[in-house]
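# Structural overview
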Amino acid sequence: MTKDKIAFSGLSITVLICLLMLSQLALLWAWSIIPTQNPSAGGEQFNSIAALSANDAWVVGESAGNTGGLTLIEHWNGTGWNTVSSPNPGASTLCGSGNVLNKVTATSPGDVWAVGYYYSCSLFKTLIEHWDGTSWSVVSSPSPSISGLSELRGVAASSADDVWAVGYYEALNGASLPLVEHWNGASWMILRAASPSASANVLNGVTVISANDAWAVGTYYDSQKGIFKTLIEHWDGTNWVLASSPSPGVYTFNILTGVAAVSATDVWAVGYYQATNASFLPIIEHWDGKRWRIVSTPVLSAAYGSANVLKDIAVVSASDIWAVGMFQNEATDYHQHRPLIEHWDGTNWSIISSPSPGKSAELNGVAALSSGIVSAAGLYSDYPIDIYYGTYTSPKTLDLQK
């Protein structure tokens, strides 16, 4: 082999290494901050996102109004986000009022649902709003709590006449019970859910595979162990049945916040738990058609007081799944929040770097399309958060896309 050929071979290896490095950097740089509208000076945040196509997506959340909290809905038309007028049934009163949308789902451009709650004084009621292709309107929904709180935290649909909403409500004895409501194309009605705890049961997310196959996730209090455990329930077409699920944290709590399905034998749930050293670690669980099991997931820090929290999940295929939330530790400008994005490639979960505007930011929802477009929604603030309570000052809406 001549010297020229040796030199060329070495150069080829160098070029190959550089290309590999650039491809990794391209992955890191793939996420971009997309401008959103923030008409309220008091603060706004996105809680959930749903996407139908590259030019049709919805985000919902809450906004600080002059007389109380207001619903916030924005629409993506392919080039930008635009605020869309939405109802606020929680009327202003001297003792306080508010309107919050927690989750959104869509079956078509003319069939979009958003759920949450509204309140006046101390009475909290469920809130369900519907987009018919022209405007958003409130759709009547049951609020089982007589004097306390009824809240919807998750919504999902398999068709226009098969929509599920989940949350919880406060019973007369002060216990929180799981709340499941179903839309059959004509009205919303309550269906009984399993209540493993006599004191605390909360459902945070739901996914629908078919008319006789749906999953709901959350948390419940185990009085014998003295901790909160993961809660997973399954709809078999007739009843909601409690499913066995692992709870990795043996200290304080285990919470599942989101669930999504690839198929009847490929379902994923995400959340977080508190470790014995007061750190928060992510939970990712998988249903293979037979049982739920923990799937290993990376953490950015497990040091005392750190947090790795997953809040939502979106599936494209068995080898393309996204989960989002937030992380923080002493290295993040002393416990300021940062967006957390994780990806499943069919074999492993990995952490994907993403931008973090302002002093503190986090992600609450994610939507993914088969075209490769992924969008994550949340909030950020130009001011540091209160590190003891995690509260934001004048938060702004945040959308990240790749």
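I will try to describe carefully the structure that is included in this document. (Residues numbered from 1 in each chain as written. Predicted model: local features only at pLDDT ≥ 70, side-chain atom pairs only at ≥ 80, totals over all residues. Heavy atoms only, no water.)

### Considerations on the overall build of the protein chain
Defined as follows: By definition, any uninterrupted DSSP run of H or I lasting at least four residues is a helix, any uninterrupted run of E lasting at least two residues is a strand, and each is numbered from the N terminus. Only the C-alpha atoms count toward the radius of gyration. The rule for a globule is 2.2 Å times the residue count to the power 0.38. Accessibility here uses a 1.4 Å probe with only protein chains present; expressed as a share of the type maximum, an area under 20% marks a residue as buried, one over 50% as exposed, and anything in between as partly exposed. We call two residues in contact when some of their heavy atoms are within 4.5 Å.
Along the backbone of the protein chain there are one helix and 28 strands. Computed over C-alpha atoms, the radius of gyration of the protein chain comes to 22 Å, within 12% of the 21 Å expected from 2.2 N^0.38 for 402 residues, which places it in the range of a compact globule. In terms of overall dimensions, the protein chain has a C-alpha envelope of 85 × 45 × 40 Å along the principal axes. In the protein chain, buried positions account for 51% of the 402 residues. Excluding contacts between residues fewer than 6 apart, the proportion of contacts in the protein chain whose partners are at least 24 apart in sequence is 50%.

### Side note on the sheet that holds strand β8 (residues 123-131)
Note the following rule: Strand pairing is defined by DSSP finding a minimum of two bridges between the two strands. Helix axes are fitted to C-alpha atoms over the stretch in contact, other axes to C-alpha atoms as well, and angles between N-to-C directions run from 0 to 180 degrees.
Taken in spatial order, the four strands make up an open sheet running β6-β7-β8-β9, and their pairing is antiparallel. Two strands lie at the open edges of the sheet, namely β6 (97-108) and β9 (136-138), each paired on one side alone. Looking at each pair of strands side by side, their axes are set apart by 25 degrees on average, direction ignored. Where β8 lies against β9, three bridges are found, and the strand directions are antiparallel. The residue of β9 that forms the bridge with Trp131 is Trp136.

### Observations concerning unusual backbone geometry
One non-glycine residue, Asp333, adopts positive backbone phi at about 55 degrees. Within the secondary structure, Asp333 sits in the loop between β23 (320-328) and β24 (338-344). Taking relative accessible area as the criterion, Asp333 reaches 47% and is therefore assigned partly exposed. A positive phi angle is found at His335, which is not glycine, with a value near 70 degrees. By the element assignment, His335 lies in the loop between β23 and β24. With relative accessibility at 13%, the residue His335 sits in the buried group.

### Here we look at the pairing of strand β16 (residues 227-235)
Taking burial as the measure, the nine residues of β16 include seven buried ones, the bulk of the element. Linking strand β15 (residues 213-222) to β16, which pair antiparallel, is a turn of four residues; within it Gly226 sits at a positive phi near 75 degrees. The pairing of β16 with strand β17 (residues 240-243) spans four bridges and is classified as antiparallel. Counted as the bridge partner of Ile232 is Ala243 from β17. Two successive antiparallel strands, β16 and β17, enclose a turn made up of four residues, where Gly237 displays a positive phi of approximately 100 degrees.

### A closer look at the sheet that holds strand β27 (residues 374-381)
Taken in spatial order, the four strands make up an open sheet running β1-β28-β27-β26, and their pairing is antiparallel. The open sheet is flanked by β1 (32-34) and β26 (360-368), the only strands paired with a single partner. Strand after strand, the sheet turns through a mean of 30 degrees between neighbouring axes, direction not considered. Here β26 runs beside β27; their pairing, made up of eight bridges, is antiparallel. Along β27, the bridge assignment pairs Ser360 with Ser381.

### What about the side chain of His75?
Put simply, the test is: Each polar contact in these results corresponds to two N or O atoms within 3.5 Å; when the atoms are within protein, one needs to be able to donate a hydrogen and the other to accept it, and residues that are neighboring in sequence are counted only if both atoms are side-chain atoms.
As for its placement among the helices and strands, His75 is situated in strand β4 (residues 69-76). With relative accessibility at 18%, the residue His75 sits in the buried group. A polar atom in the side chain of His75 sits 2.8 Å from the side chain of Asp56.

### Quick notes on the pattern of salt bridges
Going by this rule: By convention in these notes, a salt bridge is any Lys or Arg side-chain nitrogen within 4 Å of a carboxyl oxygen on Asp or Glu.
Enumeration over the complete set of coordinates arrives at five salt bridges. Across the pair Arg153 and Glu151 runs a salt bridge, and its minimum N-O distance is 3.4 Å. We classify Arg153 as partly exposed; its relative accessible area is 29%. What makes Glu151 buried here is its relative accessible area of 8%. When the shortest N-O distance is used, the salt bridge between Asp222 and Lys229 registers 2.8 Å. For Asp222, a relative accessible area of 12% corresponds to the buried category.

### Here we look at the side chain of Thr297
One can find Thr297 in the loop between β21 (292-294) and β22 (307-317). A distance of 2.5 Å separates polar atoms of two side chains, one belonging to Thr297 and the other to Glu342. Not counting the four nearest positions on each side in its chain, Thr297 is found in contact with Pro282, Ile284, Glu342 and Trp349.

### Section: a nonpolar patch on the surface
Note the threshold: The patch calculation keeps residues exceeding 30% relative accessible area without a salt bridge and links them within 9 Å when they carry like charges or within 5 Å when they are nonpolar (Val, Leu, Ile, Met, Phe, Trp, Tyr). Accessible surface area values rest on a Shrake-Rupley calculation with a 1.4 Å probe, where residue burial reflects the displayed protein chains alone.
A contiguous nonpolar surface patch, about 560 Å² in accessible area, is contributed by Tyr334, Ile387, Tyr388 and Tyr389. Tracing the backbone through its elements, the reader meets Ile387 in the loop between β27 and β28 (396-401).

### A few points about the environment of Asn173
Checked against the element boundaries, Asn173 lands in the loop between β11 (162-170) and β12 (176-183). Take Asn173: its relative accessible area is 63%, and that puts it in the exposed class. Distance in space between the C-alpha atoms of Asn173 and Pro384 is 39 Å, their sequence separation being 211 residues. For Asn173, the side chain forms a polar contact with the main-chain nitrogen of Ala175, separated by 3.0 Å.

### A closer look at the environment of Ala50
Tracing the backbone through its elements, the reader meets Ala50 in strand β2 (residues 44-53). In this structure the C-alpha to C-alpha distance between Ala50 and Leu127, which are 77 residues apart in sequence, comes to 18 Å. When neighbours within four sequence positions are excluded, Ala50 is seen to be in contact with Ala57, Trp58, Val104, Thr105, Ala106 and Ala367.

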